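Examination of the molecular architecture
Listed here are the chains, written in short residue letters.
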Amino acid sequence: ECKVRDQLTRPEGLRHALSLWFPEQSRVYIGSTERPDFFAPLRSSFRLYFAEDFGRALANVSNNYELYAVETLLFFGSSGTVETLGYA
């Protein structure tokens, strides 16, 4: 199970999963604990965005709880969402 999960959450696995639902060059916001450069291979297929890309807009966000709230609003306000791991 760990090997499969690892494959599915690597950039190539993520690219494949995203391509099932979204056309190439779709805007994709990634909320992750991984550094943005981890996702660099996806840039050839999708327009990637991270919290760091919105530094000016998030200048008043002072802690991770506030950032989580902003990301939750993005998640529920988006036209499509994908999670790599299901949480029960």
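Look above for the structure.
In what follows, the accompanying structure is described.

Conventions used here
- Residues numbered from 1 in each chain as written.
- Predicted model: local features only at pLDDT ≥ 70, side-chain atom pairs only at ≥ 80, totals over all residues.
- Heavy atoms only, no water.
- Buried < 20%, exposed > 50% of the residue type's maximum accessible area, 1.4 Å probe, protein only.
- Helix = DSSP H or I, 4+ residues; strand = E, 2+ residues; numbered from the N terminus.
- Contact = heavy atoms within 4.5 Å.
- Phe/Tyr/Trp six-rings, centres within 6.5 Å; stacked < 30°, edge-to-face > 60°.
- Expected span 1.5 Å × (residues − 1).
- Polar contact = N/O pair within 3.5 Å; in protein donor to acceptor, adjacent residues only side chain to side chain.
- Salt bridge = Lys/Arg side-chain N within 4 Å of Asp/Glu carboxyl O.
- Core = buried A, V, L, I, M, F, W, Y, C linked by side-chain atoms within 4.5 Å.

**Quick look at helix H2 (residues 11-21)**
When H2 is considered as a whole, its buried residues turn out to be Pro11, Gly13, Leu14, Arg15 and Leu18. Where the residues of H2 are buried, they touch helix H1 (2-8) and strand S1 (27-29).

**Some words on the packing of aromatic side chains**
Following the criterion strictly, the structure yields five aromatic pairs and no others. Aromatic side chains phenylalanine 38 and phenylalanine 39 sit 5.0 Å apart centroid to centroid with 85° between the ring planes, which places their arrangement in the edge-to-face category. A single burial state applies to phenylalanine 38 and to phenylalanine 39, both of which are buried. Centroid distance tyrosine 49 to phenylalanine 54: 6.1 Å. Interplanar angle 35°. Geometry classified as tilted.

**Let's talk about helix H3 (residues 64-77)**
When the terminal C-alpha atoms of H3 are compared, their 20 Å separation across 14 residues agrees well with the 20 Å that a helix rising 1.5 Å per residue should span. Its side-chain oxygen placed 2.9 Å from the backbone nitrogen of tyrosine 65, asparagine 63 serves as the N-cap of H3.

**As for the pattern of salt bridges**
Per the counting criterion, the structure on display carries three salt bridges. A salt bridge links arginine 15 to glutamate 12, with the nearest nitrogen and oxygen atoms 2.7 Å apart. With arginine 15 and glutamate 12 both in helix H2, this residue pair falls three residues apart, about one helical turn.

**Structural notes on the nonpolar core**
General note: in soluble globular proteins, nonpolar side chains tend to be found buried as a group. Formed by Leu14, Leu18, Val28, Ile30, Phe38, Phe39, Leu42, Phe46, Leu48 and Phe50, the largest nonpolar core amounts to 10 residues. Leaving out residues up to four positions away in the same chain, valine 28 has contacts with Leu18, Phe46, Arg47, Leu48 and Tyr49.

**Here's the deal with unusual backbone geometry**
We note that glutamine 25 has phi near 70°; this positive angle belongs to a residue other than glycine. Structurally, glutamine 25 can be placed in the loop between H2 and S1. Among the residues examined, glutamine 25 registers a relative accessible area of 40% and is labelled partly exposed.

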